[in-house]
Structures are given as structure tokens and as C-alpha cells.
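Chain by chain, the residues:
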Amino acid sequence: MWGKREMPRYLFFYLALHSLIRIFVPTMKVSHWISRKLRLSSDGTGSPAAVTIAVAGVALAVVVMELTLGIVAGFKDGIRSKLMGFDAQVSVEAPLGNNSYMERPDRLSLSARLDTIVRSVLPADAELRLTIRQPGMLKTDENFQGVIYVGQSTPSSFDFEKANIVEGEWPDFSADSCDNKIVISKTLASTLGLALGDKVYSTFVIDGAVKIRRHTVAALYLSNFGEYDNTIVYASLAALQRVAGMDSVSGNRIDIRGIKASNIEETANRLQQTLLSAVATRELDEYYPVNDITRSGALYFNWLALLDTNVTVIFILMLAVAGFTLVSSLFILILERVRMIGILRSIGSGKPLVRGIFVDMGMRLVGRGLLLGNVIGLGLLFAERYMPFMPLDPQMYYLSYVPVTINPWALLALNAGVVAVSALILLIPASVAAATDPAKAVASE
């Protein structure tokens, strides 16, 4: 601190320099310039412990919030992708009867007119699949399991289905030689004691009649999505059409894929309105209801929505931790500069100048914390994104490792939010410093 005999010289130097700055550098804030001349953690002009605690608090908050943001977004994307792999983003169901749902038939025909009307609403890269979802039963000599047989028209990409194959190869269901082949999950195979290449009987009840077919297990898949792994069996669309007594252009729904997640509900609503208009103008003779994944998978989407509440709670807690450490550390720095505050106030410096000095000092601590937090947080996110090292129990979380989605705009918004909230929090101790009585401050030791 300044000695009493040295004080006049320093005051003269300060006033002279203040005037020069005002004349030659009018855009520079005096508070900012003074703050930059005050060291934070060396030469006895600052408390290393206070600085370390403040920087560590901000860095910890940033790391936790970035990890939370990346992991929650990754988890939601992972679950959504599995839902949209097993079920269509949008689907056109079998037409309604004339009076009620009780008269609803179990089939529809993908006519050229219906295909044209549906495609007129969809993006060019959307994929239409004529689909049959037929309940049935897989039976071995010792066990049986109720399942849903899924047959889909070709050519289709089947990227999701093929990516889940763990044994065997995805059959070419468009070939007659693959009519008797099925793809079941590894979980279902373990339950029934089946292996690749085994024969198994499939039982269907169609219009009150029992029909039995013999199938061969061509491949095993594993998605770790329990409910679907236990029930979905992929089969030939042509074979299921024959079992159900349908022709080659009939099924019980039209699955639409390749729609952006953010546009699913809007696309479903527009498609529904288009089909209603087609009935009104007699382009279509029957009304086709439209469903989308947000309704058929509402249980999962509602569950994922609850994660946003957890994120909010974590963010509030982390900001509270960062704010507490910043306020306490800045109070320590203020106490070490009480006489300087008194001198500035006694020579006519206003409260805004003193407040600005300490807010600027606090923001320097925030800047260091942000830099350190981003290095650690982004490093962990990129490491987990490209070289996963945090495993999960797929039976509990549906995923075998911690998923990560890195959204640059969300991370920028997070950093900007931390800066804004920190600046507001720092006004508390800075205002206390600005309100210090000049006479008492100069006289204090």
C-alpha cells in the first residue's frame, strides 16, 4: 500500500495521467485502465487463495454445465434416433370406415393417386415404405413368444436396421429366396434358445383362421432398446402379404422417414390437412388418418422432456456456486484495497468509477475461469464423442456408452450466459466497495 509521505506524489501522478487519458484517449474508461494496473495474485497486491478459489469455482461451473448440456443432448438424440429407427416419423394409417373407428379395415392400398398426394407434402428426400405390422407368435419346441412381424417395401435404405446387425447379414427381402427368412434380436434369440440358421415356427391368426409358417433365422440384431428388441421381428413384406391375403400393393400403413426431427409434427399436420382436402374434392374416396412418432412414442418423449428440468436445476446450482465464489473472492480483494478506494473517493472519483474498477477485476477472474473451464469441458466432450470411455448399462439406459452431442451455438450461448450472470453478481460486492466512506477508508490500516 502507499505510504503517507508517498501519497501526494502518487495523487499528482494519478491526476496528471487521468487528464492525459481524458485528452488523448477519450474512449478508454478510467476504471478499466486502473483495474488493469492492479495485479490479482502477485507482488502482494492480491490474495492468491481468493483468486484461485474464484477461478476454480467458475471453471468447475463451466465444466459441469458443458458436460450436462452435451450429455443430455446426446442422450436425447440417441433415444430419439432409436425410436425413429423402429417406428416411422410419420405414418398414414389404414382408412376409416364410413361411420366410426369400429368399421376401420386393417389394410390400405398404396395407389398411384395416394402416393402422389402424400409425396406432394413431403421433402424430396423423404422415403415412403409400404409396411405390414402383423402380430404373431414365434414358437420352438420348448418355448414361445408373442412378437410383431414387420415387413417393409423395397427398395428402402434400412440403414438403421443394418447398423444393429450383430450376427449374420440383412436378407434381400425383395428376392423370392428370402421369403422364409426372418431377422430377430439377440435378446429374443436368447429367450427362445435360437441361434443363427435355426428353424422356427411362426403362428398368425388372420380373420379367425390360424396360419403357421416355418422361418429361418437369417440374422440377429441388438439395439439395446428393450421393449423393441423383445417384440420386433423383421420379415419379407411379400410373405406377410400372402399370409394376410393382401395383394402386392397393400399393407396396413405407409411409413414415412427422412423428415427432420423439428418438422415432424408440422409435416404430419400438413399431410393430414392435404388428405382431408383430397377427400373433400373427391380425389380420394376414403379418409386416411395420419400419426407421428411424437404421439406413438409419447411415453418416451415425455420422459426425455423431464431431462430439461434436471438441466435447469444443475445450471442454477452451478451458477450459484460460481456466484458465491466470485462474490467472496472479490470481497477479499476489496478489503485489501480499502485505502485505495478511500483515496479515489477523496479526490472526487464517483461511485460508478470505483464500482467499474472492481467489476472489471471480477470479470478478469471470470475470463480465466471460462478459459480453464472450456479447455477441460470441451476436451472431455470431444474425447467422449470420438473415443467413448464412459460405459453405461444398456439394460438401464438403452445405450452402451455415454452419448455426447456438441452444439457450438448452445455452448456459445452458455458462455455468454455465464459472462452476463457473473457481471450482474459482481455488482453486489462492487457496489459495497463504491459505498465505502472515504475518510474511514483512508484512515484504515
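Scroll up to find the structure this text is about.
Quantities reported herein were computed from a predicted structural model and do not represent experimental measurements.

Colleague: When you look at the layout of surface pockets in this model, what are you seeing that I'm missing?
Modeller: Rolled over the atoms, a probe sized like a water molecule indicates the empty space that remains. Estimated volume of the second largest pocket: approximately 430 Å³. Taken together, 20 residues form the lining of the second largest pocket, with Gly78, Lys82, Leu399, Tyr401 and Pro403 sitting closest to its centre. Of all the elements in the fold, those that place two or more residues in the lining of the second largest pocket are helix H3 (48–86) and helix H13 (351–386). The element that contributes the greatest number of residues to the lining of the second largest pocket is H3, accounting for five residues. The residue makeup of the lining of the second largest pocket, split by class, is eight nonpolar, eight polar and four charged.

Colleague: Help me out: how do you make sense of the side chain of Ser236 in this one?
Modeller: Tracing the backbone through its elements, the reader meets Ser236 in the loop between strand S9 (232–234) and helix H8 (237–244). Look at Ser236 and you get buried, because its relative accessible area is 0%. Side chain to side chain, Ser236 and Asp179 meet in a polar contact 3.2 Å long. Apart from residues lying up to four places away in sequence, Ser236 is in contact with Gly151, Phe173, Cys178, Asp179 and Lys181.

Colleague: Any chance you could explain the pairing of strand S6 (residues 181–185) here in plain terms?
Modeller: The buried fraction of S6 amounts to four of the five residues, a majority that puts the element mostly inside the structure. One ladder, built from five bridges, connects S6 with strand S8 (residues 209–221); its direction is parallel. What sits directly across from Ser185, in S8, is Tyr221.

Colleague: Which parts of the structure should I look at to understand the environment of Asn143?
Modeller: Along the chain, Asn143 turns up in the loop between strand S3 (127–139) and strand S4 (144–152). As for Asn143 and Thr191, which are separated by 48 residues in sequence, their C-alpha atoms are 8.3 Å apart. Excluding residues that lie within four positions of it along the chain, Asn143 makes contacts with Leu138, Thr191 and Leu192. Only 3.4 Å separates the side chain of Asn143 from the backbone oxygen of Thr191, close enough to count as a polar contact.

Colleague: How should I be thinking about the environment of Leu372 in this particular structure?
Modeller: The residue Leu372 is located in helix H13 in this model. Apart from the residues lying within four places of it in its own chain, the contact partners of Leu372 are Val55 and Ala59.

Colleague: What is the right way to look at unusual backbone geometry in this model?
Modeller: Residues apart from glycine generally show negative phi values, whereas peptide bonds are mostly found in trans. In this model, Asp207 sits at a positive phi of 50 degrees, which is unusual for a non-glycine residue. Taking relative accessible area as the criterion, Asp207 reaches 70% and is therefore assigned exposed. One non-glycine residue with positive phi stands out, namely Asn224, at about 65 degrees. One can find Asn224 in the loop between S8 and helix H7 (226–229).

Colleague: In this structure, what is going on with the packing of aromatic side chains? I would like to understand it.
Modeller: How two aromatic rings sit relative to each other is given by the distance of their centres and the angle of their planes. Under the criterion given, the structure shown has 16 aromatic pairs. For the pair Tyr221 and Tyr234, a centre-to-centre distance of 5.6 Å together with 65 degrees between the ring planes defines the contact as edge-to-face. One end of the pair, Tyr221, is in strand S8; the other, Tyr234, is in strand S9, and 13 residues separate them in sequence. Exposure remark for Tyr234: the relative accessible area of 4% places this residue in the buried category. Between Phe225 and Tyr398, the ring centres sit 4.9 Å apart and the planes meet at 85 degrees, which makes this aromatic pair edge-to-face. Of this pair, Phe225 sits in the loop between S8 and H7 while Tyr398 sits in the loop between helix H14 (394–397) and helix H15 (408–434), and the two are 173 residues apart along the sequence. Lying over the aromatic face of Tyr386, Arg385 brings its terminal NZ or CZ to 5.3 Å of the ring centre.

Colleague: Would you mind showing me how to read the nonpolar core here?
Modeller: The tendency in soluble globular proteins is for nonpolar side chains to be buried as a group. If you look at the biggest cluster of nonpolar residues, it comprises 48 residues, and the most contacted ones within it are Val118, Tyr234, Ile256, Leu271 and Leu275. With six residues, H3 is the single largest residue contributor to this core. When neighbours within four sequence positions are excluded, Val118 is seen to be in contact with Val92, Leu128, Ile256, Leu271 and Leu275.

Colleague: I keep staring at the pattern of salt bridges and nothing clicks. Help me out?
Modeller: Applying the stated criterion across every chain, the model contains 12 salt bridges. Measuring nitrogen to oxygen at the nearest pair gives 2.7 Å for the salt bridge that ties Asp255 to Arg253. Connected through salt bridges with shared partners, the residues Asp87, Arg133, Arg253 and Asp255 form a single ionic network.

Colleague: Sorry, what's going on with the pairing of strand S7 (residues 199–206) here?
Modeller: For a regular strand, side-chain orientation follows a simple rule: the groups alternate between the two sheet faces. Bridge count for S3 against S7 is three bridges, and the pairing is antiparallel. Considered in S7, the bridge of Leu138 is made with Ser202. For S7 and S8, the ladder comprises eight bridges, and the chain directions are antiparallel. Bridge pairing links Lys199 to Thr216 in S8.

Parameters at a glance
- Residue indices follow the written sequence of each chain, beginning from 1 at its first position.
- Totals for whole chains, interfaces and linings use every residue, but because this is a predicted model, local features are given only for residues with pLDDT of at least 70 and side-chain atom pairs only at 80 or more, for both listing and counting.
- To obtain the side-chain values, all non-hydrogen atoms of the structure were included, while hydrogens and water were left out.
- Detection works on a 1 Å grid of protein atoms alone, calling trapped sets that fit a 1.4 Å probe cavities and calling open sets with protein on both sides within 12 Å along at least five of seven lines pockets, with lining residues defined by an atom within 4 Å of a point.
- Grid points are joined across faces, edges and corners, and a volume is the space filled by probe spheres set on the points.
- What counts as a helix is a DSSP run of H or I of at least four residues, what counts as a strand is a run of E of at least two, and both are numbered from the N terminus.
- Three classes are used: nonpolar for Ala, Val, Leu, Ile, Met, Phe, Trp, Tyr, Cys and Pro, charged for Asp, Glu, Lys and Arg, and polar for all others, with Gly counted as polar.
- Only protein chains enter the accessibility calculation, which uses a 1.4 Å probe. A residue is then buried if its area is under 20% of the maximum for its type, exposed if over 50%, and partly exposed in between.
- We call two N or O atoms a polar contact when they sit within 3.5 Å, provided that within protein one can donate a hydrogen and the other can accept it, with sequence-adjacent residues counted only if both atoms are side-chain atoms.
- The contact definition used throughout considers only heavy atoms, calling two residues in contact when any of these lie within 4.5 Å.
- Think of it this way: DSSP has to see at least two bridges between two strands before they count as a pair.
- The criterion for an aromatic pair is that two Phe, Tyr or Trp rings (for Trp, the six-membered ring) have centres within 6.5 Å, with stacked assigned to planes under 30 degrees apart, edge-to-face to planes over 60 apart and tilted to the rest.
- Consider the ring centre and the ring normal. A charge sits over the ring if Lys NZ or Arg CZ is within 6 Å of that centre and within 35 degrees of that normal.
- Definition used in this section: a nonpolar core is a set of buried Ala, Val, Leu, Ile, Met, Phe, Trp, Tyr and Cys residues joined via side-chain atoms within 4.5 Å.
- A pair is scored as a salt bridge if a Lys or Arg side-chain nitrogen falls within 4 Å of a carboxyl oxygen belonging to Asp or Glu.

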